[in-house]
Amino acid sequence: MHKTKSFDISKQMVYRAYKLIKANKGAAGVDDMSLAKFDENMQDNLYKIWNRLASGSYIPPAVKAVEIPKKAGGTRTLGVPTVADRIAQMVVKTSFEAKVDKHFLQDSYAYRPGKSAHGALEVTMKRCWEKDWVVEFDIKGLFDNIDHGLLMKAVCKHTNCKWELLYIERWLKAPIHRVNGQTGPRQCGVPQGGVISPLLSNLFLHYAFDYWMTTKFPDNPWCRYADDGVVHCSSKLQAEYIQQKLEKRLKECKLEIHPAKTKIVYCKDSNRRQNHENIQFTFLGYTFKPRKAKSPKGDSFTSFLPAISKQAKQSIYQEVKRWRLLWMTNSSMVDIAEKFNPVIRGWLNYYGKYGKKELARVLEHINLHLILWVKRKYKKFKHKHKGAIEYLSNFAAYQSSLFEHWNVGIMPRAG
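The rules we used
- Residues numbered from 1 in each chain as written.
- Predicted model: local features only at pLDDT ≥ 70, side-chain atom pairs only at ≥ 80, totals over all residues.
- Heavy atoms only, no water.
- Pairing = 2+ DSSP bridges.
- Helix = DSSP H or I, 4+ residues; strand = E, 2+ residues; numbered from the N terminus.
- Buried < 20%, exposed > 50% of the residue type's maximum accessible area, 1.4 Å probe, protein only.
- Contact = heavy atoms within 4.5 Å.
- Core = buried A, V, L, I, M, F, W, Y, C linked by side-chain atoms within 4.5 Å.
- Axes fitted to C-alpha atoms, helices over the stretch in contact; angles between N-to-C directions.
- Phe/Tyr/Trp six-rings, centres within 6.5 Å; stacked < 30°, edge-to-face > 60°.
- Lys NZ or Arg CZ within 6 Å of the ring centre and 35° of its normal.

Visitor: Any chance you could explain the pairing of strand 6 (residues 222-225) here in plain terms?
Guide: Sheet faces and side chains relate simply in a regular strand, where the side chains alternate between the two faces. Bridging between strand 6 and strand 7 (residues 228-233) involves 4 bridges; their strand directions are antiparallel. Its bridge partner being in strand 7, Cys223 is matched across the sheet by Val230. The loop that links strand 6 with its antiparallel partner strand 7 comprises 2 residues; one of these, Ala226, has a positive phi angle of about 60°.

So, in C-alpha cells, the structure goes:
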C-alpha cells in the first residue's frame, strides 16, 4: 500500500527549484558538494530532498560562513547553504513568495519579480526634482539582526501552510559553521546568502518601515532597496523630524540606523540655490548631486542628477588592476576581450544608465592598461608610449566592436 506524504510537495516543485538554483550557480556549502558533483547523481539527490521535505523530516544543515570584502573596507559574512539546502529553500521561497509579494508596496525594489535597482534610481531622481530634501538612511547589519519572533509573526500573517511555517522556522534556527571551524546556533538574523533570506528580510521591513512609513507619512514618498533607502521631504525641519521618528521606529523593531550612512541632504540645483552642508548622497552605487545639464533648446543649467559614485569608480579601477594585463603578453587582444567583456558589459549595463560621461572617464582606464600591454607585448613600442597609443587607436578603429566599451565609443585616442 502506497503511503501518503505528510505535506503536499510534488517532485515537480523540487525539480523546478533545482533548475532555478542551477541557473544561479553558486559555491559549495559545508558538505563541499558543488553543483557539478550534485549533478553526477542528480535524480537520487533530488529524490532525497523531495522525500524529506514531503515527509516533514528535512532538517537544514549548518550554513557555511564565508568572509567577503566590502567595497568600503572591512568584511561581510555570507552564509552559504549547501546545494541541496538551496534547492529546498527555493521550493519554500517560490511557494511563499506567490502569497506575500502581492502585499509588498510599490516602492520596495529589492529582490522582487519585475523590480530593479534602475527602477529605484529612476523614481528617486524624479522625486529629487519635486521635493527639496532627502533623508538618506541605511539599516545597520539588517540580515544579522532581524528578530526571529517578530519575523515569524509577519510570516504567520501571510500563510497558514504548515510546511512553509515549519521549514522557515527551521532555517532561522539552522546553525552557522564559522570561519574558525566552530559551529554555533543563531539567535537572530537570517543568513546573507540564503535563498529565502532576501524574501524574509523584505517581509520584515515591509512592516518595520514600508507600511509604517506610508501610514504615518503619506505625503512623503520613499524608496527602499533592501537595507538602503531614501525619504523625500519638503523642508529641513520635516526631514529632521522624520529621521528622528524613523530611528525610534527601527529601535522598536530591534534594528538600528547606521549613523555614518544616514544623513539629510539638500537637492541643490538652478532653482534651489540655498547653501547647506550636505548637497549629495549615494544610493545603489550612484551619487546624486548638482550637475551641469542642457535643456532641449541647448541652454545650460544645474540639475540634481545621478552618476556612478566615487566608491564604484574605485572598485572598477581596482578590478582592472587585478586583471594584470601586463602579465598576459602571451594572449591576443581577442583573448583579452573574450575574457573581460562580460565584466565590462555588466559595468556598462548598470552604471551607464545615468551619467554616461562619468562612466566613460572610468572605462578609459581599461584603454590605459591596454596601451601598457601593447608596450610590454611588442618590443618596438617598449620605449615609445605615443607609438603604442597610435597602434591601439588604429587597431580599435578597425575592430571597434571587439571590446564592449569600444563598441559604445569609449575608444583609445591618439594624442
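What follows continues from the structure just given.
Visitor: It is not clear to me how the side chain of Asn45 should be interpreted in this structure. Could you clarify?
Guide: Checked against the element boundaries, Asn45 lands in helix 3 (residues 42-55). Among the residues examined, Asn45 registers a relative accessible area of 12% and is labelled buried. Beyond its immediate chain neighbours, meaning those up to four positions away, Asn45 contacts Met33 and Phe38.

Visitor: Looking at this structure, how should I read the nonpolar core?
Guide: Counting 67 residues, the largest nonpolar core has Ile9 and Ile87 as the members making the most contacts within it. A total of 9 residues in this core trace back to one element, the largest contributor, which is helix 9 (residues 197-216).

Visitor: Looking at this structure, I do not really get the pairing of strand 10 (residues 286-294). What am I missing?
Guide: Of the pairings in the sheet, the one linking strand 9 (residues 281-283) to strand 10 comprises 3 bridges and is antiparallel in character. From the neighbouring strand, Thr282 faces strand 10, where its bridge partner is Thr287. A loop of 2 residues connects strand 9 with strand 10, the two strands running antiparallel in sequence, and Leu284 in this loop sits at a positive phi of about 55°. Here strand 10 hands over to strand 11 (residues 300-308) after 5 residues, with Gly298 in that stretch at a positive phi of 95°.

Visitor: Please explain the sheet that holds strand 8 (residues 263-266) as it appears in this structure.
Guide: By way of backbone hydrogen bonds, the strands of a sheet pair with one another, either parallel or antiparallel. The 4 strands lie next to each other as 6-7-3-8, forming an open sheet whose pairing is antiparallel. Edge positions in the sheet fall to strand 6 and strand 8, since each has one partner strand and no second. Between one strand and the next, the sheet's axes are offset by a mean angle of 20°, whatever the strand orientation. Against the sheet, helix 10 (residues 236-252) engages strand 3 (133-138), strand 7 and strand 8, with an angle of about 20° to strand 3.

Visitor: Help me out: how do you make sense of the packing of aromatic side chains in this one?
Guide: By convention here, two paired aromatic rings are described through the distance between centres and the angle between planes. Evaluated as defined, the whole model comprises 29 aromatic pairs. When the centroid spacing of 5.9 Å and the interplanar angle of 35° are considered together, the rings of Tyr15 and Tyr18 count as tilted. Of this pair, Tyr15 and Tyr18 both sit in helix 1 (residues 11-24), 3 residues apart, which is roughly one turn of the helix. Judged by its relative accessible area of 39%, Tyr15 is partly exposed. Exposure remark for Tyr18: the relative accessible area of 4% places this residue in the buried category. Summarising the aromatic geometry, the rings of Trp133 and Tyr266 are spaced 5.0 Å apart at their centres and angled 45° between planes, so their arrangement reads as tilted. Of this pair, Trp133 sits in strand 3 while Tyr266 sits in strand 8, and the two are 133 residues apart along the sequence. Classification of Tyr266 as buried rests on a relative accessible area of 2%. One aromatic cluster is present, formed by Trp373, Tyr378, Phe381, Tyr391, Phe395, Phe403 and Trp406 through successive ring pairs. Geometry around Tyr109 places Lys115 over its ring, the cationic atom sitting 4.4 Å from the centre.

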